Amino acid sequence: RYPITTWISALSALLGTLLLSTDGSPPNVGDIWCILAACASALFILRLEKFSNETKPAELNSVSFITVLILSSIWVIIDELTNHTHFNMDISNIIDPFISNILPIVYLGGISTGLCNYLQTIGQKSIPADKAAIVYSMDPVYGAIFSNWILHEQIGMQGYIGGLFILLGVWISVQSN
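Note that this is a predicted model, so its numbers are computed, not measured.

Enquirer: What's the story with the overall build of the protein in this structure? I'm lost.
Expert: Counting secondary structure elements, the protein contains 8 helices and 0 strands. Going residue by residue from the N terminus, the α and β elements of the protein occur as α-α-α-α-α-α-α-α. Projecting the C-alpha coordinates of the protein onto the three principal axes gives extents of approximately 55 × 45 × 25 Å. Sequence-distant contacts, at least 24 apart, represent 75% of the contacts inside the protein between residues at least 6 apart. Surface exposure of the protein reaches about 11,900 Å², of which carbon and sulfur atoms provide 73%. Side chains of the protein give 6 positive and 12 negative charges; the mean places of these two sets differ by 22 Å.

In structure tokens, the structure reads:
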């Protein structure tokens with residue numbers, strides 16, 4: 001269903017993500033999560049293409065937001081139950097971190113998740129999923145740049161090559177229009 005240039009750009013972006021995420025260290029669990037997150041994001045974008053044209057953006061975003069809220073809550077409760085030898089859940093261990101970090105939680109949940117997903121849903125009414133997914137493949141490049149700038153993390157040659165593969169994937173996708 002997608003042209004060969006889309007597959008080439010996706011493979012280039014995936015190879016770039018692999019190279020960038022394993023730069024400077026042997027592969028580890030965090031690298032696997034990074035790759036899985038990239039694949040999950042691509043699948044989300046592909047599915048969003050269909051549903052953004054069939055559903056109102058606010059309704060679709062609400063269902064997504066509530067689903068994440070429920071699954072995250074279950075995860076927190078399971079984590080609380082399994083990280084203690086006495087299996088006696090103390091609700092304050094769950095509530096207190098939320099209360100003491102309310103501004104970051106509201107920002108991350110409301111702005112960077114809720115608002116951005118809503119705008120993405122609106123945008124994907126007019127942008128094909130394969131193009132949107134390739135643009136989103138730039139996320140690891142932004143992450144590397146900001147971690148270098150803010151945290152002073154080093155980017156090695158493998159990371160730069162990975163970033164170039166991601167840029168190549170985006171360029172191929174844009175040129176195929």
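On we go.
Enquirer: Help me understand the pattern of salt bridges, please; the structure alone is not making it clear to me.
Expert: A side chain with one charge can pair with a side chain of the opposite charge if their charged atoms come near. For the structure on display, the rule yields 1 salt bridge. For E54, the salt bridge goes to K50, with nearest N and O atoms at 3.6 Å.

Enquirer: How should the packing of aromatic side chains be read in this particular structure?
Expert: The relation between two aromatic rings is expressed through the spacing of the ring centres and the mutual angle of the planes. Per the counting criterion, the structure on display carries 1 aromatic pair. Both rings, one in F146 and one in W149, keep their centres 5.9 Å apart while their planes meet at 50°; by these two values the pair is tilted. One end of the pair, F146, and the other, W149, are both in helix α7 (residues 139–151), 3 residues apart, so they sit about a helical turn from each other. Residue classification places F146 among the partly exposed residues on the basis of a relative accessible area of 44%.

Enquirer: Looking at this model, I keep getting lost on a nonpolar patch on the surface. Mind explaining?
Expert: Among the surface-exposed residues, Y107, L108, I111, L115, Y118, L119 and I122 lie close enough to one another that they form a single nonpolar patch of about 630 Å² accessible area. With respect to the helices, strands and loops of the structure, L119 is situated in helix α5 (residues 102–123). Relative accessible area serves as the criterion here: at 48%, L119 is assigned to the partly exposed category.

Enquirer: Looking at this model, I keep getting lost on the nonpolar core. Mind explaining?
Expert: The nonpolar side chains of a soluble globular protein tend to be buried, and buried together. Listed in full, the 8 residues of the largest apolar core are L20, I134, M138, V141, A144, I155, I166 and V170. Broken down by secondary-structure element, the contributors of at least two residues to this core are α7 and α8 (157–175). Apart from residues no more than four positions distant in its own chain, I166 is found in contact with S12, A13, G16, T17, L20, S137, M138, P140 and V141.

Enquirer: Help me out: how do you make sense of the environment of A38 in this one?
Expert: Here A38 lies in helix α2 (residues 29–52). A sequence separation of 87 residues divides A38 from K125, and the C-alpha atoms of the two residues are 21 Å apart.

Enquirer: In this structure, what is going on with unusual backbone geometry? I would like to understand it.
Expert: Negative phi is the rule for most residues except glycine; trans is the rule for most peptide bonds. Of note, H152 is a non-glycine position whose phi angle comes to about 60°, a positive value. Mapped onto the elements, H152 comes out in the loop between α7 and α8.

Enquirer: Is there a simple way to think about the environment of L14 in this case?
Expert: Position of L14 among the secondary structure elements: in helix α1 (residues 4–21). A C-alpha to C-alpha distance of 9.7 Å links L14 and I134, two positions 120 residues apart in sequence.

Enquirer: Would you mind showing me how to read the side chain of K131 here?
Expert: Here K131 shows up in helix α6 (residues 129–136). K131 gets classed as buried once you look at its relative accessible area, which sits at 15%. A polar contact is formed between the side chain of K131 and the backbone oxygen of S173, at a distance of 3.0 Å.

Enquirer: Please explain the packing of helix α3 (residues 57–82) against α5 as it appears in this structure.
Expert: Angle between the axes and distance between the axes: these two values describe a pair of packed helices. α5 packs onto α3 with a crossing angle of 140° between their chain directions and a minimal axis gap of 9 Å. The orientation of α3 relative to α5 falls into the category oblique. Read as a crossing pair, α3 and α5 show a hand that is right-handed. Contacts from P57, A58, L60, N61, S64 and F65 in α3 reach G109, T113, G114, N117, Y118, T121 and I122 in α5. Of the residues contributing to the contact of α3 with α5, the split by class is 6 nonpolar, 7 polar and no charged.

What counts, and at which threshold
Residues numbered from 1 in each chain as written. Predicted model: local features only at pLDDT ≥ 70, side-chain atom pairs only at ≥ 80, totals over all residues. Heavy atoms only, no water. Helix = DSSP H or I, 4+ residues; strand = E, 2+ residues; numbered from the N terminus. Contact = heavy atoms within 4.5 Å. Areas by Shrake-Rupley, 256 points an atom, 1.4 Å probe, with all protein chains shown as cover. Lys, Arg positive; Asp, Glu negative; His and termini not counted. Charge placed at Lys NZ, Arg CZ, Asp CG, Glu CD. Salt bridge = Lys/Arg side-chain N within 4 Å of Asp/Glu carboxyl O. Phe/Tyr/Trp six-rings, centres within 6.5 Å; stacked < 30°, edge-to-face > 60°. Buried < 20%, exposed > 50% of the residue type's maximum accessible area, 1.4 Å probe, protein only. Patch = residues over 30% accessible without salt bridge, like charges linked within 9 Å, V, L, I, M, F, W, Y side chains within 5 Å. Core = buried A, V, L, I, M, F, W, Y, C linked by side-chain atoms within 4.5 Å. Polar contact = N/O pair within 3.5 Å; in protein donor to acceptor, adjacent residues only side chain to side chain. Axes fitted to C-alpha atoms, helices over the stretch in contact; angles between N-to-C directions. Parallel < 35°, antiparallel > 145°, perpendicular 65-115°, else oblique. Left-handed = near helix turned anticlockwise from the far one by under 90°. Nonpolar A, V, L, I, M, F, W, Y, C, P; charged D, E, K, R; others polar.

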